[in-house]
Amino acid sequence: MATLRRLREVPRHLLVCEKSNFGHDKSRHRHLVETHYHNYRVSFLIPECGILSKELKNLVMETGPYYFVKNLPLHELITHEFINTFVKKVFSLEPFVCHCVSASLRIPPSLCSCCALTYNTNIDEDNTAALLPNGKLILSLDKDTYEETGLQGHPSRYSGRKIMKFVVSIDLMDLSCNLDSKKYKRISWSFKEKKPLKFDFLLAWHHTGAEESAMMSYFSSYRIQEHQPKIAVSTMTDLQCPVLQSSELGGKPEVACGAWELLDWLGAVFSDVELNNEPNNFISTYCCPQPSTVVAKAYLCTITGFILPEKICLLLEQLCRYFDEPKLAPWVTLSVQGFADSPVSWREKEHGFRKGGEHLYNFVIFNNQDYWLQMAVGANDDCPP
Amino acid sequence: FQHTNFGWYLKARQGPANLKLKSTRGTDRPRRNVQFFFSVGYSVVAINHVVEFKEKKQEIEKPVAVSELFTSLPIVQGKSRPIKILTRLTIIVSDPSHCNVLRATSSRVRLYDIVAVFPKTEKLFHVACTHLDVDLVCITVTEKLPFYFRRPPINVAIDRGVSFELVYSPAIKDSTMRRYTISNALNLMQICKGKNVIISSAAERPLEIRGPYDVANLGLLFGLSESDAKAAVSTNCRAAILHGETRKTAFGIIATVKKPRPSEADDDSLPACKKAKCED
């Protein structure tokens, strides 16, 4: 019967595994990290490590502040001033041109990218807004709000029988080139008069060479608070780790474990689950995939907050350099989890929440600069790139 | 006699809503129940009054004013939009004469946000689906279905925008009722194919309340697909509430809203036909 068949099914989920080497020209690792914008939790696990090196420690401490603004109206994000201060990237084409351009702006020539996400909004029921570093403002609106704002958008792909969710995408870079355009006037009218929307925003800003507190002073009229990401570290002893071979992504029976087995195991380690398969354990009967070894100690560090992709790139590079000196560990892992209520997963691919809103990726970095990359998404998601 | 004992927790506005909550007048219970519902994840709750016509003359009470229960709406952690509390009336009909109250234009039925009917016989089910001015038709879950569902009235109801309601808290309380709930639900799904179905609690105590995603999972047992089950606690409830609002308007197309008029003089000067053209 159809019901019984449906009950046996698991909710839809996708896991994409790939392997490559950091030295390869066509390696996509940087691109994939940089296009996953809204990162909630970053964890790395280093087997056979008791304390962290100084460089890694500094990087972890400097995953940067993020900001929380309450009741910020949307029209503040489309003002010329905001776009020029935080969103626009100034490319140094010609020194003279660059100097002139930068003189009229408040920041010296540098690259900057701003990321924002509404806080405490559930993507499947509320209106959500997100600002991506490439200058796109994505609004995920329910039917009533969409019809009231009067903006042009397209229906969400994961709406069900009746279309209840619409996605509006506004390109701020495009708008800022021509402030007198009809488009800008309409969007401005919609945000200011037709349907003024206000949200609590989480903001983060990556900048090189600009003043630190620009964001605090810009939004000083709203209640803006600066937060530092939470860092949790733990050292585990006698941890069972699966044996991996960088060339065998799918695993080889009796020789090495596969990529998805590793991901399961990693989840168990993060959740602090016993891996012994004890019969009297009520919580879990999971056991480490075989073949496995026991490592004397392992270092697990978790950073939670609103983390910019640029910082994760730096972390990834530093972890690659971990193997510059010979180490006992055969591999290290770096896992990144995205916000469940973000309207996009990678680039501008739509992300939804059916019963779980996971979109995460995991790097396994081997000592020969090979790496495995696993990207996982849940039910209402497009396939990862 | 009249029960004022059912509350319906409504999920609406695409946020979880539960259309059934038992309310006992004069006690603190409804307030505690409502607060518990919101803390579990619902955005809209409806408090229900059940009316069963056992005697000849029956008066339907006025709905409980929400301001009686809460002087100010409770603030719920983790929710950015304000919560909503609605009132709902359920009429248990076992005789065709009971339906007359729905036809009367000046009855107190109009004061409720949502009107539901609980038909006890096949004829009344047919009438409820095809003619009665209600938003919800309740499906019995505590006993074996007294009649079989047939496709024509259910299709008419779906076209009219009337939703079918299944309740889950009897299933929590008792295992025999659990069997009836599931079998009645599966019977309904075979005919209606999962359209216009709402799942709500008939909770009297917080212990009988389940979170919205859990209720959506329960919908899978009832024969709904994953997206239909989620819609049963969100989108379909919103549709039912809007259907209730259309009863207060002219066919749901025009709604009158009292708005303060800044200056009467300008409008009066234009003749009527010119005015109509401007509004186009």
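Up top is the structure.
Everything quoted here is computed from the prediction, not taken from an experiment. (Residues numbered from 1 in each chain as written. Chains lettered and ligands numbered in written order. Predicted model: local features only at pLDDT ≥ 70, side-chain atom pairs only at ≥ 80, totals over all residues. Heavy atoms only, no water.)

Right, let's get into the overall build of chain B. Assigned secondary structure in chain B consists of 12 helices and eight strands. Scored against the burial criterion, the 280 residues of chain B give a buried share of 52%. For chain B, the proportion of contacts with a sequence separation of at least 24, taken over those separated by at least 6, is 75%. Summing over all exposed atoms, chain B offers an accessible surface of approximately 13800 Å²; the carbon and sulfur share of this is 55%. (Helix = DSSP H or I, 4+ residues; strand = E, 2+ residues; numbered from the N terminus. Buried < 20%, exposed > 50% of the residue type's maximum accessible area, 1.4 Å probe, protein only. Contact = heavy atoms within 4.5 Å. Areas by Shrake-Rupley, 256 points an atom, 1.4 Å probe, with all protein chains shown as cover.)

This part covers empty space enclosed by the protein. Residues and elements named next belong to chain B. Scanning all chains against the criterion turns up one cavity of 30 Å³ or more. Considering only enclosed or pocket space, the largest cavity measures out at about 50 Å³ in volume. Lining the largest cavity, in full, are F118, P119, F125, C138, I139, T140, L145, P146, F147 and F149. Along the lines of polarity and charge, the residues of the lining of the largest cavity split into nine nonpolar, one polar and no charged. (1 Å grid on protein atoms, 1.4 Å probe; cavity = no way out; pocket = protein on both sides within 12 Å on 5 of 7 lines; lining within 4 Å. Points joined across faces, edges and corners; volume = space filled by probe spheres on them. Nonpolar A, V, L, I, M, F, W, Y, C, P; charged D, E, K, R; others polar.)

All names here are of chain A. Taken in spatial order, the seven strands of this open sheet run β1-β15-β14-β13-β2-β12-β11, and their pairing is antiparallel. The two strands at the open ends of the sheet, each matched to only one other strand, are β1 (14-21) and β11 (230-242). Averaged over all pairs of adjacent strands, the angle between strand axes in this sheet comes to 15°, irrespective of strand direction. Direction of pairing for strand β2 (residues 39-47) relative to strand β13 (residues 331-338): antiparallel, over a ladder of six bridges. Along β13, the bridge assignment pairs F44 with L334. Across the sheet, helix α10 (residues 259-270) touches β1, β2, β11, β12 (292-307), β13, β14 (359-366) and β15 (370-377), and the angle it forms with β11 is around 125°. Contacting β2, β12, β13 and β14, helix α11 (residues 309-320) runs over the sheet at an angle of about 5° to β2. (Pairing = 2+ DSSP bridges. Axes fitted to C-alpha atoms, helices over the stretch in contact; angles between N-to-C directions.)

Here we come to the sheet that holds strand β7 (residues 154-155) of chain A. All names here are of chain A. An order of β7-β8-β6-β5-β4-β9-β3-β10 is seen for the eight strands of this open sheet, with the pairing classed as antiparallel. The open sheet is flanked by β7 and β10 (224-227), the only strands paired with a single partner. As paired elements, strand β5 (residues 128-131) and strand β6 (residues 136-142) share four bridges and run antiparallel to each other. Bridge pairing links A130 to I138 in β6. Set on the sheet, helix α4 (residues 80-87) makes contact with β4 (112-118), β5 and β9 (198-207); between it and β4 the angle comes to about 120°.

Attention shifts here to the pattern of salt bridges. Under the definition given, this model contains 16 salt bridges over all chains. Notably, a salt bridge pairs R150(B) with E122(B), separated by 3.5 Å at the nearest N-O pair. Residue R150(B) is located in the loop between β6 (136-138) and α5 (151-160), and its partner E122(B) is located in helix α4 (residues 122-130); the two are separated by 28 residues in the primary sequence. Beyond isolated ion pairs, a larger network of salt bridges with shared partners links R30(A), E34(A) and E317(A). (Salt bridge = Lys/Arg side-chain N within 4 Å of Asp/Glu carboxyl O.)

Our focus in this paragraph is the packing of aromatic side chains. Overall, the coordinates contain 25 aromatic pairs over all chains when judged by the stated rule. Here the aromatic rings of F125(B) and F147(B) are separated by 5.2 Å at their centres, their planes lie at 40°, and the arrangement is tilted. Note that F125(B) is positioned in helix α4 and F147(B) in the loop between β6 and α5, a separation of 22 residues in sequence. Exposure remark for F147(B): the relative accessible area of 9% places this residue in the buried category. Ring pairs connect the aromatic residues F22(A), W346(A), Y361(A), F363(A) and Y371(A), which therefore count as one cluster. (Phe/Tyr/Trp six-rings, centres within 6.5 Å; stacked < 30°, edge-to-face > 60°.)

What follows deals with the packing of α4(B) against α5(B). All names here are of chain B. The interhelical angle for the contact between α4 and α5, taken along N-to-C directions, is 25°, at an axis separation of 8 Å. The angle between the axes of α4 and α5 places the two elements in the roughly parallel class. Crossing hand, α4 versus α5: left-handed. For the pair α4 and α5, contact is made by F125, H126, A128, C129 and T130 and by P153, I154, V156, A157 and R160, respectively. Here the residues of the contact of α4 with α5 sort into seven nonpolar, two polar and one charged. (Parallel < 35°, antiparallel > 145°, perpendicular 65-115°, else oblique. Left-handed = near helix turned anticlockwise from the far one by under 90°.)

For G160(A), the location among the structural elements is in the loop between β7 and β8 (165-171). Along the chain, G160(A) and A129(A) lie 31 residues apart, while their C-alpha atoms are 21 Å from each other.

Residues and elements named next belong to chain A. The end-to-end C-alpha distance of α11, which contains 12 residues, comes to 16 Å, matching closely the 16 Å that a straight helix rising 1.5 Å per residue would cover. Burial in α11 covers these residues: P309, I312, C313, L315, L316, Q318, L319 and C320. In this fold, the buried residues of α11 make contact with α2 (29-34), β2, α3 (54-61), β12, β13 and β14. (Expected span 1.5 Å × (residues − 1).)

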